[in-house]
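# Per-entry structural report
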Amino acid sequence: MTRPAPRVVEALNAALHRLFEERTSLHLLGEDVRDPYGGAFKVTRGLSARHPDRVLSTPISEAGITGVAGGLALAGDQAIVEMMFGDFAALAFDQILNLISKSVTMYGDRVPMPVVVRCPVGGNRGYGPTHSQSLQKHFLGVPNLALYETSPFHDPYAQLAEGLDRGPAMLFEDKVLYTRRMFHDGVVDEHHRYALRGGPTGWAHVSPRDDTAADVVLICPGGTAHRALDAARLLRARGIAAHVLVPARLYPPDLEPVLPLLADARLVAVAEESTEGGTWGAEIAARVHARIWERLRAPVLLLNSADSVVPTAPHLEARVLLGAERIADEIEAGAARSLPPRAPATPPETFAAEAGEPEAATTDGAEPAAGVPVAVPKLNNNDTAYLVVRWFADDGAHLDEGDPLVELETSKAVEEIAAPAAGHLRVRAAEGSEVGVGELLAELLPEPPAAPGPEARSVALPEQLAEPLPEPARAQEPGPATARTHVLDRAQQGTAAVVTRAHREVPVAFAAVEVTVDAVLTRLRTLSDETGAEVGLPEAVVKAVAAAHPAFPHLFGTLVDERTVRLADTVDIGVTMDAGNGLYIPVLRDCAGRSLADLSDDLMDFRLKAFRAEFTAGELSGGCLSVSLNTEPGVLFVQPIVMAPQLCMVSVGGPLTRLVLEDGVPASTTVVTLGLAYDHRVVNGRDAVAFLRAVADALHDAEKLVELVDGQ
């Protein structure tokens, strides 16, 4: 089996070990950097065991630590300083500005100052205002001081070595990036690849595999790279080709290797997590304007986090920090201003006619569209029809291009469709009806439509939905002045629609067992320390569920008809994510064939996307079974629902302490409750209990636990 690429934290650790072997005068100073702790983020693990005299855990004094490093450099040695959190570099600013950087040229001759100050930075970890900042901009423009930032594309050894050789330097390390894996062999994903321009400390250029020319070039530091890649994927779905540039060295920047790419783009944007004002992005924009102003088709677009401290609460933190959805939205708006007008897209009916296929029938036998037709798009590979949840405007209302138009419910999510053009709305499919891919949803007319007849908002329902729809609620008389109401947001309304459909269609039964988890929790803590991934009970439960697939394949299937179940080829498992802004069930792929650490990487990514509400339809589709994660302490058990067309959903509650007798002596143990909601048309109670026992055994039995944690 091919060994996976190392995580960024592992690459940093390997780089430090290599540098210490090569440079006998190199020292590392920081708080709690010696083993067994190995630093707050485990970057220095193992260094003090090999080099006990050169790895020094220091008192809590950032100014003192940095001053000692400057003194070592002046005495002919080399030093790397670890700030426990980059925010604390503010306490060392005087030493960096007035001792280390100035000493290079302050004494007449150029003096080597091989010092690198390492700074964990960035938010999205819930660490609050003083432990989540991105302070790179405050060190820009200091004479003799170079700035670097780790990225998933660049070898940190090259950054640290160059920083020491040209010194002094600072290396900013995004904390979320620590657990991400490095990209390698030029591969990003199925649609994107990358290449380095300008050497190992130059630029990573991410481009589409199909060599599509850049509509937009998005420049970002390494800590924002994954958000930029997600934005590029969103833009790809919107018909905009985005290339991404990630530098290894932030300052002084070398734009020469990428100027031709920037000059040919229709829009250049810079995205970074810092707040606006005096930023690295502004510095890049100024240099780009100075070099290729005559080639630019619009000013460089600057994207930053909100003008705020970074909140601790995850839902507030997500609003403040720059996310992929906002990057994509602002770039799309900027591209609309800078790109030349494009011909209107050919409607799906036209493509079908050109291919010699019959045109898609409208839902009400209406005459051919007189305006811009809005057809049902293909939203995933599992469904051929979707449920119309609600229209955002009434018949005859005028909409602008991009305005919310309609919500369609798939088997996995509720998707919002925007108006493809401006016009007056004529609805062709009623709320509550099912529409097939390619069928006519609506038209956008140049003039208000005539008053709709009684059939205009009605369609024939499929047989399984033929029961009468509930009548609209009557308008109520105003209540007393003290009456309070709570209006559901769009995300919760989408959840409500999915839950309603599940209860209507699936006859659900439920079973639960209790399992002792002390051993697995202990082993997971060890695995987290060994791999640098944050592996917990959710990953272990998902892996244990996947391990039960060979013995219970029909629980992972899809009901085709009354007597047939389509079995799943790979174990793709959905997991519930609720960050306070709606329930999402993204899908972990190939859970049986991947390690716990790999699943941990995906779950970390899902949690961040849940905070920012940035999931794509593809990430929310394709699961063969789901797991409801409710592992907060004190949760007794959870009874989930089955999400059609799946047949089962597993639930896991929070850890509970039980008092037991061991050889007659009272002792405490930790347990959780595993539940299984199952479609009684396919799964019987005996199978359900046997399945739960198999999952419980994988989490509890000593021999099976070793296979679960260490096998893949």
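An account of the accompanying structure is given in this report. (Residues numbered from 1 in each chain as written. Predicted model: local features only at pLDDT ≥ 70, side-chain atom pairs only at ≥ 80, totals over all residues. Heavy atoms only, no water.)

## A short note on the overall build of the chain
Which entries qualify depends on this criterion: Helix numbering and strand numbering both begin at the N terminus, where a helix is a DSSP run of H or I of at least 4 residues and a strand a DSSP run of E of at least 2. Each residue gets one of three labels from its accessible area relative to the maximum for its type: buried under 20%, exposed over 50%, partly exposed in between, using a 1.4 Å probe on protein chains only. Contact definition: two residues touch when any of their heavy atoms are within 4.5 Å. Here, Shrake-Rupley sampling with a 1.4 Å probe gives the accessible areas, and only protein chains in the shown set may cover a residue.
When you go through the chain residue by residue, the secondary structure sums to 17 helices and 32 strands. The burial tally for the chain puts 53% of its 712 residues in the buried class. Pairs at least 24 residues apart make up 72% of the contacts formed inside the chain by residues separated by at least 6 positions. A total accessible area of about 31800 Å² is found for the chain, and carbon and sulfur atoms account for 53% of it.

## Topic: a negative patch on the surface
For the record, the criterion: The patches reported here contain residues having more than 30% relative accessible area and no salt bridge. Joining distances are 9 Å for like charges and 5 Å for nonpolar side chains (Val, Leu, Ile, Met, Phe, Trp, Tyr). Throughout this description, the term salt bridge denotes a Lys or Arg side-chain nitrogen within 4 Å of a carboxyl oxygen of Asp or Glu. The sign given to each residue is positive for Lys and Arg and negative for Asp and Glu; His and the chain ends receive no count. By convention, charge coordinates are those of NZ in Lys, CZ in Arg, CG in Asp, or CD in Glu.
Side chains of Asp697, Asp701, Glu703 and Glu707 sit close together on the surface and give a patch of like negative charge. Assignment of secondary structure puts Glu707 in helix α17 (residues 702–710). By relative accessible area, which is 59% here, Glu707 ends up exposed.

## Considerations on empty space enclosed by the protein
Applicable threshold: Space inside and on the surface of the protein is sampled on a 1 Å grid over the protein atoms alone, with a cavity defined as a set of points where a 1.4 Å probe fits but cannot get out and a pocket as an open set with protein on both sides within 12 Å along at least 5 of 7 lines; lining residues have an atom within 4 Å of a point. Grid points are joined across faces, edges and corners, and a volume is the space filled by probe spheres set on the points. In this count, Pro and Cys sit with the nonpolar residues alongside Ala, Val, Leu, Ile, Met, Phe, Trp and Tyr, while Asp, Glu, Lys and Arg are called charged and the others, Gly among them, polar.
As enumerated under the stated definition, the model contains 4 cavities of 30 Å³ or more in all. Taken as a whole, the largest cavity spans an internal volume of roughly 120 Å³. What lines the largest cavity is a set of 14 residues, among which Val176, Arg180, Gly223, Arg227 and Leu608 lie closest to the centre. Of all the elements in the fold, those that place two or more residues in the lining of the largest cavity are α6 (225–237) and α15 (596–612). Considering only enclosed or pocket space, the second largest cavity measures out at about 100 Å³ in volume. Looking at the lining of the second largest cavity, its residues break down into 4 nonpolar, 6 polar and 5 charged.

## Here we look at the sheet that holds strand β14 (residues 372–375)
Heads up, the rule is: Only strands joined by at least two bridges in the DSSP assignment are considered to pair.
Strands sit in the order β14-β21-β19-β16 across an open sheet of 4 strands; the sheet is antiparallel. Across the chains shown, the open sheet's two edge strands, defined by having one partner strand only, are β14 and β16 (398–399). Where strand β19 (residues 423–427) meets strand β21 (residues 440–445), 4 bridges bridge the pair, whose relative direction is antiparallel. Bridging from a neighbouring strand, Val427 pairs with Ala442 of β21.

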